Amino acid sequence: MPYVLGVDVGATRTAAAICRLARVGRPEVEVVGLGGPGGGVASSLRLTPDGEYAVGEAGDPWLTATGFARRIGDEVPVLLGQEWVTPEDLTALLVMWVAGQVAEREGGPATHVAVTHPADWGAHRKELFAQALRLVGLDRCTLVAEPLAAVENHLAAGGGGDVLAVVSIGSHAFASSVVRRALDSAPELVGTAEGYDHHTGVDFDDAVVGHVRAELGRELTDLDPADPWVAQVLARLRFDAEAAKRALSALSEVVVPVHLADGVREVRLTRPRFEDLIRAGVDLAVDTLVRTTTAHGDPDVVLLVGGSARIPLIAETVAGALRGRIAIEAAPETSVVKGAALVARRVVEGPDAEPEPRETSVLRRFDDPSLRFPVGELGLTDDEFTAPPPRPPVDITPLDLPRGPVQRVVRGLKPAGSRRGTPSTDDEDGR
């Protein structure tokens, strides 16, 4: 069955979701497992000795690139071994790998691909990324801003609201945005703020590690981080600290294990203590959200997306600052990628028509004598009724670029930094 694909390349993890076409009723989105923890894959590329790239695998830091998606538009390329590679080429290679993995699973390529990008990107960054995607063979592709994708997912699930605020708190990135909907126009991104100095998921992990260090004292501080065994202990501690952070979203207390040479130490951490540790960072994030929404009035709905959005303190603080209804999914880290798949579906199939109004029991039983105020027949014909207008399409950025020579060609997972001959200037639309 034909399908469309949504891809969300985050600072730490990359996720994918598909939506099958030609289905009747509400579209169903399926998050695709890419082999990593939580269903996604690490947003990293490692240059191998044979000149290819391995996706999501840790290795020599001199040969491994991470965090490149947020660097698109940076004129300084990434040095991997002897190869200079631009951030947009690395991101496009990762998207190509995801599309290939999904095509292998589904038995064929996606009809269309939608890839998310940060809300503050301008035309220059989007054009660079668009061209890089074309060079790896992803011609049928659409770029969509992350908050617009989140809103699309919210609407597809039956949510509403004319003014929606989107708060994204991931592992390394924070953003607050305002999206406005109107009956006669597409959803519009009217305000956004990227919080580069805001606390995110990794900072909350640091707070848990700091609590453990304070509890254990010199048992940890006296360890030599240069010792390979100590490095493994500290890496395990960060992993357990992240797990504790997630568990405190549902539990009132957790125990963080610390594996030392003479045994395991267990450090107790309660949710109130954890909230005290992160409250300043959460308050800063919510203050930024309030400033972002001030010019547009109180939002009808506030969408919380990103893995750290499930922390209860965040929803409580937002609810205390804004009057809008709080909306969060059970897995908020998938809200954006599912919305991207829905955007790709809308590009292919067009906007959905609003559902026909359901008949109520009163209209169906107009002759029921038990009604105190019987409702008579309307006496109208079907021709006198008009269908409601369709919901407007999502505001998206198509990958239609002007003709002209390109500087670099990337084929397969080969080093994208090597220069190749300039390709023909044939009309790319005819590919």
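Rules behind the numbers
Residues numbered from 1 in each chain as written. Predicted model: local features only at pLDDT ≥ 70, side-chain atom pairs only at ≥ 80, totals over all residues. Heavy atoms only, no water. Helix = DSSP H or I, 4+ residues; strand = E, 2+ residues; numbered from the N terminus. Buried < 20%, exposed > 50% of the residue type's maximum accessible area, 1.4 Å probe, protein only. Areas by Shrake-Rupley, 256 points an atom, 1.4 Å probe, with all protein chains shown as cover. Axes fitted to C-alpha atoms, helices over the stretch in contact; angles between N-to-C directions. Parallel < 35°, antiparallel > 145°, perpendicular 65-115°, else oblique. Left-handed = near helix turned anticlockwise from the far one by under 90°. Contact = heavy atoms within 4.5 Å. Salt bridge = Lys/Arg side-chain N within 4 Å of Asp/Glu carboxyl O. 1 Å grid on protein atoms, 1.4 Å probe; cavity = no way out; pocket = protein on both sides within 12 Å on 5 of 7 lines; lining within 4 Å. Points joined across faces, edges and corners; volume = space filled by probe spheres on them. Nonpolar A, V, L, I, M, F, W, Y, C, P; charged D, E, K, R; others polar. Pairing = 2+ DSSP bridges. Expected span 1.5 Å × (residues − 1). Polar contact = N/O pair within 3.5 Å; in protein donor to acceptor, adjacent residues only side chain to side chain. Right-handed = clockwise from strand over helix to strand, strands pointing away.

Some words on the overall build of the chain
Right, so step 1: Along its length, the chain carries 10 helices and 19 strands.
Right, so step 2: Taken across its 431 residues, the chain has 45% of its residues classed as buried.
Right, so step 3: Of the roughly 21,800 Å² that the chain leaves accessible, carbon and sulfur atoms contribute 52%.

Let's talk about the packing of helix α4 (residues 201-216) against helix α6 (residues 228-247)
Right, so step 1: Look at α4 against α6: their axes get within 9 Å of each other, and the N-to-C directions meet at 110°. With respect to α6, the element α4 is oriented roughly perpendicular. In this structure, the crossing between α4 and α6 has a hand that is right-handed. On α6, the residues touching Gly201, Val202, Phe204, Asp205, Asp206, Val208, Val209, Val212 and Arg213 of α4 are Leu234, Leu237, Arg238, Ala241, Glu242, Ala244 and Lys245.

Looking at the pattern of salt bridges
Right, so step 1: Inspection of every chain in the model, using the stated rule, returns 21 salt bridges.
Right, so step 2: A salt bridge links Glu30 to Arg20, with the nearest nitrogen and oxygen atoms 3.6 Å apart. With Glu30 in strand β3 (residues 29-32) and Arg20 in strand β2 (residues 13-20), the pair connects residues that are 10 residues apart, well separated along the chain.
Right, so step 3: Among the salt bridges present, the one from Lys245 reaches Asp205, with a minimum N-O distance of 3.1 Å. On the criterion of sequence distance, the pair formed by Lys245 in helix α6 and Asp205 in helix α4 is long-range, its members being 40 residues apart.
Right, so step 4: Note on Lys245: relative accessible area 9%, which makes it buried.
Right, so step 5: Salt bridges sharing common partners tie together Arg20, Glu30, Arg105 and Glu106.

A look at empty space enclosed by the protein
Right, so step 1: Across all of its chains, the model carries three cavities of 30 Å³ or more by this definition.
Right, so step 2: The computed volume of the largest cavity comes to approximately 70 Å³.
Right, so step 3: Along its surface, the largest cavity is lined by Val9, Ala69, Arg70, Ile72, Thr91, Val115, Thr116, His117, Pro118, Trp121, Phe129 and Glu146.
Right, so step 4: Ranked by the residues each element gives to the lining of the largest cavity, the list is headed by strand β10 (residues 113-117), at three residues.
Right, so step 5: Residue composition of the lining of the largest cavity, by class: seven nonpolar, three polar and two charged.

So, the sheet that holds strand β5 (residues 44-47)
Right, so step 1: Strand order across the open sheet formed by three strands is β6-β5-β7, with antiparallel pairing between neighbours. Looking along the sheet, the strands with just one partner apiece sit at the ends: β6 (53-55) and β7 (64-66). Pairwise comparison of adjacent strand axes, ignoring direction, gives a mean angle of 25° for this sheet.
Right, so step 2: Relative to β7, β5 runs antiparallel, the two being bridged by three bridges. Pairing of Ser44 across the sheet is with Thr66, part of β7.

A short note on helix α1 (residues 87-106)
Right, so step 1: Between the first and last C-alpha of α1 there are 29 Å, a value that for 20 residues agrees with the 28 Å anticipated at 1.5 Å per step.
Right, so step 2: Most of α1 is tucked away: 15 of the 20 residues are buried.
Right, so step 3: One or two positions beyond α1, positive phi appears at Gly107, with a value near 85°.

A word on α6
Right, so step 1: In a regular helix each residue adds 1.5 Å, so 20 residues correspond to 28 Å; α6 covers 29 Å between its end C-alpha atoms and thus fits that length.
Right, so step 2: Where α6 is buried, its residues contact α4, α5 (218-221), β15 (253-260) and α7 (271-294).
Right, so step 3: Two or three places before Trp229, at the start of α6, stands the capping residue Asp227, its side-chain oxygen 2.9 Å from that residue's backbone nitrogen.

Regarding the side chain of Ser335
Right, so step 1: Within the secondary structure, Ser335 sits in helix α9 (residues 335-349).
Right, so step 2: Polar contacts involving the side chain of Ser335 include one to the side chain of Glu329, which spans 2.8 Å.
Right, so step 3: Leaving out residues up to four positions away in the same chain, Ser335 has contacts with Ala149, Ala150, Asn153, Val305 and Glu329.

Brief notes about the layout of surface pockets
Right, so step 1: Its boundaries defined by the atoms lining it, the largest pocket holds a volume of some 1,400 Å³.
Right, so step 2: As for the largest pocket, its lining consists of 50 residues, of which Thr12, Arg13, Ser171, Glu242 and Gly307 are closest to the centre.
Right, so step 3: Looking at the lining of the largest pocket, the elements that each hand over two or more residues are β2, β3, α3 (146-156), β12 (163-169), β13 (174-182), α4, α6 and α9.
Right, so step 4: When residues of the lining of the largest pocket are assigned to their parent elements, the largest contribution, seven residues, is made by α6.

Things to note about the pairing of strand β18 (residues 325-328)
Right, so step 1: Pairing of strand β17 (residues 301-305) with β18, which is carried by four bridges, proceeds in the parallel orientation. When the sheet's bridge partners are listed, Val301 is paired in β18 with Arg325.
Right, so step 2: What joins β17 to β18 is helix α8 (residues 312-321), and the crossover it makes is right-handed.

Remarks on the environment of Val78
Right, so step 1: Following the sequence through the fold, Val78 ends up in strand β8 (residues 78-80).
Right, so step 2: Separated by 15 residues in the primary sequence, Val78 and Leu63 place their C-alpha atoms 10.0 Å from one another.
Right, so step 3: Beyond its immediate sequence surroundings of up to four residues, Val78 is in contact with Ala65, Arg71, Glu83, Trp84, Val85 and Leu90.

These figures come from the coordinates and say nothing about function on their own.
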